[in-house]
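# Structure at a glance
What follows is the residue order along each chain.
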Amino acid sequence: MTVIVTPKAGPAKQVVKDDSMLKQKEMMAAHYERLTNAPETGEKVASTFVPGNLNELIKCFDLLNNLPEVNAIQSGLRRQSGSYVLEAEKIGHSEDVCTYVKSDIGMMAKGNIGPNGKRLPDPDVLLLSYTGCFTFMKWFELLREQYKCETIMLHTPYMGDGKITKNMIEYMVKQLKEEVIPKLERISGVKFDIDRLREYLKKSAVAEDDLVRVLQSAKSKPSPIDAYFGGIYYIGPIFGAFRGTDDAIDYYKFLRAEVEERLANGQGPVTPDGDMGQEKYRLVVEGPPNYTNFRQFWKMFYDEGAVVVASSYTKVGGVYDFGFRHDPDKPLETLAEYCLGVYTNRSLPMRVDMLSNYIDEYAADGLLINSIKSCNSFSAGQLLIMREVEKRTGKPAAFIESDLVDPRYFSAANIKNRLESYFQMIEQRRAGARAAA
Amino acid sequence: MKTFVGIDLGSTTTKAILLDENREVIGRGITNSRSNYSTAARVAGEEARVDGRFTLSRRALSESGVLGARLDQFLAALERAFRLEQFLEQLGDLEQTCLRQVNGQRFAGREDGVKVALGEVFTRLRGEAPELYAPGAKRKSDFFRDIAGSRYHSHAEEVAREANLPYDLLLNVYDKSIIEVENRPPAGGLSDKFRRALARVLTADATFAGDASGVQDVIQRSLDVEFEETYLVGTGYGRVTLPFSKEHIRSEILCHGLGAHMMYPKTRTVLDIGGQDTKGIQVDPNGIVENFQMNDRCAAGCGRYLGYIADEMNMGLHELGPLAMKSDRPARINSTCTVFAGAELRDRLSLGERREDILAGLHRAIILRAISIISRSGGVTDEFTFTGGVAKNEAAVRELKKLIEENYGKVTININPESIYTGALGAAEFARRAHLGQAAGGNP
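Rules used in this analysis
Each chain carries its own residue numbering, running from 1 in the direction its sequence is written. Ligands are numbered from 1 and chains lettered from A, in the order in which they are written. Only residues with pLDDT of at least 70 are given local features in this predicted model, and only at 80 or more are side-chain atom pairs given and counted; all residues enter the totals for whole chains, interfaces and linings. Secondary structure is summarised from DSSP: a helix means a run of H or I of at least four residues, a strand means a run of E of at least two, and numbering begins at the N terminus for each. The size measure is the radius of gyration over C-alpha atoms, and the globule rule it meets is 2.2 Å times the number of residues to the 0.38 power. Buried residues are those with 20 or more other C-beta atoms within 10 Å of their own C-beta, exposed residues have 12 or fewer, and partly exposed residues lie in between; C-beta atoms are placed from the backbone. Residues are defined as contacting one another if the C-beta atoms placed from their backbone atoms lie within 7 Å. Axes here refer to lines fitted to C-alpha atoms; in helices the fit is confined to the stretch in contact. Angles between the N-to-C directions go from 0 to 180 degrees. Here the word oblique covers every angle except those under 35 degrees (roughly parallel), over 145 (roughly antiparallel) and from 65 to 115 (roughly perpendicular). By convention, the crossing between two helices is left-handed when the near helix turns anticlockwise from the far helix through less than a right angle, and right-handed when the turn is clockwise. Residue type decides the class: Asp, Glu, Lys and Arg count as charged, Ala, Val, Leu, Ile, Met, Phe, Trp, Tyr, Cys and Pro as nonpolar, and the leftover types, Gly among them, as polar. At least two bridges found by DSSP between two strands is the condition for calling them paired. Take the buried Ala, Val, Leu, Ile, Met, Phe, Trp, Tyr and Cys residues, join any whose C-beta atoms are within 7 Å, and the set you get is a nonpolar core. pLDDT: the predictor's confidence for each residue, scored from 0 to 100. Domain ranges listed in this record stem from an automatic or a database domain assignment.

This part covers the overall build of chain A. Per the secondary structure count, chain A includes 16 helices and 12 strands. In summary, chain A has a C-alpha radius of gyration of 21 Å against a globular reference of 22 Å for 437 residues, a match within 12%. With the C-alpha coordinates aligned to their principal axes, the bounding extent of chain A is approximately 70 × 55 × 40 Å. With 437 residues in all, chain A has 52% of them scored as buried. Expressed as a percentage of contacts within chain A between residues at least 6 apart in sequence, the contacts between residues at least 24 apart total 75%.

For chain B, the helix and strand inventory stands at 14 helices and 9 strands. Dimensions along the principal axes, computed over C-alpha positions, put chain B at roughly 65 × 60 × 45 Å. Across chain B, contacts joining residues at least 24 apart in sequence account for 73% of those joining residues at least 6 apart.

The next point concerns the packing of helix α4 (residues 144-163) of chain B against helix α5 (residues 167-182) of chain B. Residues and elements named next belong to chain B. Look at α4 against α5: their axes get within 10 Å of each other, and the N-to-C directions meet at 160°. What the angle tells us is that α4 and α5 run roughly antiparallel. Relative to α5, the crossing made by α4 is right-handed. Residue-level contacts link F144, R145, G149, Y152, A156, E157 and A160 of α4 to Y167, L170, L171, Y174, I178 and E182 of α5. In terms of residue class, the contact of α4 with α5 is built from 9 nonpolar, 1 polar and 3 charged.

Turning next to the packing of helix α8 (residues 194-216) of chain A against helix α10 (residues 246-264) of chain A. Residue and element names in this part refer to chain A. Two numbers describe how α8 lies on α10: the axes approach to 9 Å, and their chain directions differ by 20°. In terms of orientation, α8 and α10 fall into the roughly parallel class. For the element pair α8 and α10, the recorded crossing hand is left-handed. Contact residues: K203, V206, A207, D210, L211, R213 and V214 in α8; D246, A248, I249, Y252, K253, L255, R256 and V259 in α10. Across the contact of α8 with α10, the residue classes tally to 9 nonpolar, no polar and 6 charged.

To continue, consider the sheet that holds strand β12 (residues 397-402) of chain A. Residue and element names in this part refer to chain A. Read across the open sheet, the 4 strands follow the order β10-β9-β11-β12; overall the sheet is parallel. Each edge of the sheet is formed by a strand with only one pairing partner; in this case those strands are β10 (306-311) and β12. Pairs of neighbouring strands in the sheet enclose a mean axial angle of 35°, with direction left out of account. In this structure, strand β9 (residues 281-286) lies alongside β10, joined through 5 bridges in parallel fashion. Paired with V285 across the bridge in β10 is S311.

In this section: the interface of chain B and chain A. With 20 residues of chain B in contact, the opposing surface of chain A contributes 20 residues. For the side of chain B that touches chain A, the elements supplying multiple residues, two or more each, are α8 (252-263) and β7 (289-294) of chain B. Considering every element that reaches the side of chain B that touches chain A, the biggest residue donor is β7 of chain B, with 6 residues. When the residues that make up the side of chain B that touches chain A are grouped by side-chain class, the tally is 8 nonpolar, 7 polar and 5 charged.

Turning our eyes to something else, we now look at the pairing of β7 of chain B. Walk down a regular strand and you will see the side chains alternate between the two sheet faces. All names here are of chain B. Most of β7 is tucked away, with 6 of its 6 residues classed as buried. Pairing of strand β6 (residues 278-283) with β7 involves 5 bridges; the strand directions are antiparallel. Residue pairing in the sheet places Q282 in a bridge with N291 of β7. Hairpin geometry of β6 and β7 is characterised by an intervening segment of 5 residues between the two adjacent antiparallel strands and by a positive phi of about 85° at G287.

The tendency in soluble globular proteins is for nonpolar side chains to be buried side by side. Core analysis: the biggest nonpolar cluster contains 200 residues, and V284 and V309 of chain A together with I17 and A428 of chain B have the highest contact counts within it. Aside from chain neighbours lying at most four places away, what touches I17 of chain B is G6, V25, R28, A48, Y421, A424, L425 and A428 of chain B.

Once that is clear, we can look at helix α3 (residues 68-77) of chain A. Residue and element names in this part refer to chain A. With 9 of 10 residues buried, α3 is to be regarded as a mostly interior element. Where α3 is concerned, the buried positions are P68, E69, V70, N71, A72, I73, Q74, S75 and G76. Looking at the buried positions of α3, the neighbouring elements they touch are β3 (44-47), α4 (81-91) and α5 (99-109). Downstream of α3 by one or two residues, R79 has phi in the positive range, about 60°.

The next thing to look at is the pairing of strand β1 (residues 2-9) of chain B. Residue and element names in this part refer to chain B. Burial within β1 is extensive, with 7 of its 8 residues counted as buried. With 8 bridges connecting them, β1 and strand β4 (residues 228-236) associate as parallel partners. When the bridges of β4 are listed, T3 appears paired with E229. Direction of pairing for β1 relative to strand β2 (residues 13-19): antiparallel, over a ladder of 6 bridges. Its bridge partner being in β2, D8 is matched across the sheet by K15. A loop of 3 residues connects β1 with β2, the two strands running antiparallel in sequence.

The 5 strands lie next to each other as β7-β6-β5-β8-β9 (chain B), forming an open sheet whose pairing is mixed. The open sheet has two free edges, formed respectively by β7 and β9 (413-414) of chain B, since each of these has just one partner strand.

All names here are of chain A. With respect to the element layout, L184 can be found in helix α7 (residues 166-188). With 24 C-beta atoms counted inside 10 Å, the residue L184 sits in the buried group. As for L184 and V85, which are separated by 99 residues in sequence, their C-alpha atoms are 32 Å apart.

Residues and elements named next belong to chain B. When pLDDT is averaged along chain B, the result is 88, and 96% of the positions lie at 70 or above. Averaged pLDDT values for the elements of chain B fall to 81 in helix α11 (residues 338-350) and rise to 96 in β9. In the predicted structure, residues 439-444 sits below a pLDDT of 50 and forms 19 contacts with residues beyond four places in sequence or in another chain. We note a pTM of 0.82 for the whole complex and an ipTM of 0.72 for its interfaces.

This part takes up the environment of A197 of chain B. Residue and element names in this part refer to chain B. The topology assignment puts A197 in helix α6 (residues 190-204). Distance from A197 to F82, taken between C-alpha atoms, is 4.9 Å for residues 115 residues apart in sequence. Setting aside anything within four residues of it in sequence, one finds A197 in contact with L78, A81, F82 and E85.

Along its sequence, chain B is carved into domain 1 (83-182) and domain 2 (265-415). Put simply, the middle of domain 1 of chain B and the middle of domain 2 of chain B, counted by C-alpha atoms, are 37 Å apart.

We now examine unusual backbone geometry. Geometrically, the link from K221 of chain A to P222 of chain A is a cis peptide bond, its omega value of -5° lying close to zero. If you trace the backbone, P222 of chain A turns up in the loop between α8 and α9 (229-239). Of note, the bond from D382 of chain B into E383 of chain B is cis; its omega dihedral lies within 30 degrees of zero at 0°. Along the chain, the position of E383 of chain B falls in the loop between α12 (355-377) and β8 (384-387). Not every positive phi belongs to a glycine, and N112 of chain A is a case in point at roughly 55°. Secondary-structure assignment places N112 of chain A in the loop between α5 and β5 (125-130). Phi is positive for A363 of chain A, which is not a glycine, with a value near 45°. With respect to the element layout, A363 of chain A can be found in the loop between α13 (348-361) and β11 (366-372). The class of A363 of chain A is partly exposed, set by 14 C-beta atoms lying within 10 Å.

Dropping the structure here:
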């Protein structure tokens, strides 16, 4: 383990990071360098989204993958999103609009400076792989207006009936063949090579295997990982621009070894303050985290001995724990299946099933929902999900509210109050159960 | 005797409950939270112990049968006399503190004049104090700051005029002193005040004279009982700022759930509207919290909103409900934003709407918001218990009853006159359980 010192002003606090985190940091830094250097190197850029991210396909055309959501997250973590959101509001975007969108729009308005302090390139193509979040469509409409570049839309049918049918796959493959691939060929000037795609897909599957092992390590007691706050780091490469790369394979191999070592030693997760103390509460969390106060938010959990053993958010860029892997033998079909399966494209009953099962499989004490003020896509139905999961599992649930990257909606005292109440509620239930036993 | 203390540090008031080993409430104490939770906790605790002395005295006098049917009358007089003694004691402290503040450039050459004027103000305050605590007298508030403050201002204005002194000089010393005095626990001993109060009652009412020695003995014995603070649990907004260790802290949601259960064991849904938050809580048959929802990000529609409205209308907080009750045509108001409330109010008044109708509309808006929180927490299950400061407001209660019936049908609605102590009661019971070594939620 390496200890690094954050360069922030004020009393320097040592933040503990796993070696895998440092490796990821290097990967991200290199990727952002490549992106910001694109105008000089001549590399072309495709902007796309995390859910339904077609990284393997994008790579087939030598395009660089730029993810506006990840840029917004980076702005949130770096405490810049607040001013970007205000900037977007100045331009005319209302208060309730998704704050990822506003952070992105505001960042563009302020010179589009990326996390490495350099200007992010204009995209050559906007690849909208639509997977259940309506806002994505509006977001790219705005970007198209701004960049006047080509837009490609791959429509993923919603899994309203809870299953993937042959028709759905055919519908999507047809779009890939007739719409997506020809356009990408034209924009990039690179001919599509299906064998090249197979190679990338093969690599994806290797990394996906390791990721699943890492996430499922949380079934152990104590859990060696935090599958929400830590999980956000773990999904970084595979949800972003690294799926299908050797870098991702190396990262996940490395991460898995690290986690397995913790598992063997009976250790809990690493937090920014070092090893977490005794594991007292095991939670399943639904909904994205807050990024503007990420560390403060996390601290409210680990200070109380609460560890998240499974979360739905770490499934937005792909659900792998039920067996799906990118399959090089069915290259286009597998891309369709991947898009169909991401969390945001799953119906309410599927989400309820998933969360209820997580509570059982990961022996969790209950469900916590972090409801995001500006994310209708996640928030719709969350109260219903909560009731249903409570009813099915008999475990207590709680509801807190914050936002993705708008710092105005993170009220620390309120959230802490609810969390503490929830932890004590779990405690009380346990005591009640003990008394009844 | 063993006592268990529960302290609820609310944003507006701090409440304390003293419980005995039989789960009976011995004493209740309340004070304003000020900006200093530590003092607030100490004062509320002290008040609860004072109340505890009255409870013990009542028990003992009742057993001894000394006063017969006049027991209630006697105890009411004793309590008024005690409050008067307490008030006079704090007034003395305030006077001394004010005198000390008379120095510096501002007062140059006028020190003596200001000191004489202060002496006169306090003489007047002391002179009228007994009236404040006369039988049937209505006080705007029971907190020293509120009572002393408003009277001080009016006397100081008069005295300054008479003495040809700038009023703001007298205001200045008061402003500097009141916080100091408020944050200082009363200096005098509790027993002394009791004895002085007793003497006052016996002198004032000759009818008690015959029982004097018997009463004195019984009260002295009650004063001699030592309240052993066996275990303390703190809850409420200020809990984290207190020097309580973790095992002495419980969430106010759990405390409210348990407190409501203790008041009404069949409670399954609790609504608490406090100063800055509204909580909807579902509890199981043992008072264990099953689910809860609270207002988030914004305190619109909480108790503080009514406080703000009262200020805007230049009324006392507890005058709002009765005025709203006079309305038969509540105004339709949707926003419960505290900041907008003033503008909304003035706008409607200028349009000629009646004050009672506007107020009734505002009460309805608050309750609509509360109903939304309850429904998100899982709806209303019989029985329903309404707690918090707003439960004392009859107009709010009227709207609540109406809306509950419309949405959930006939449900038993419990409102305890002591509902403001619900959180503290739950905390005291947690303290008792913790002492018994029971697990946090175990049944007693």
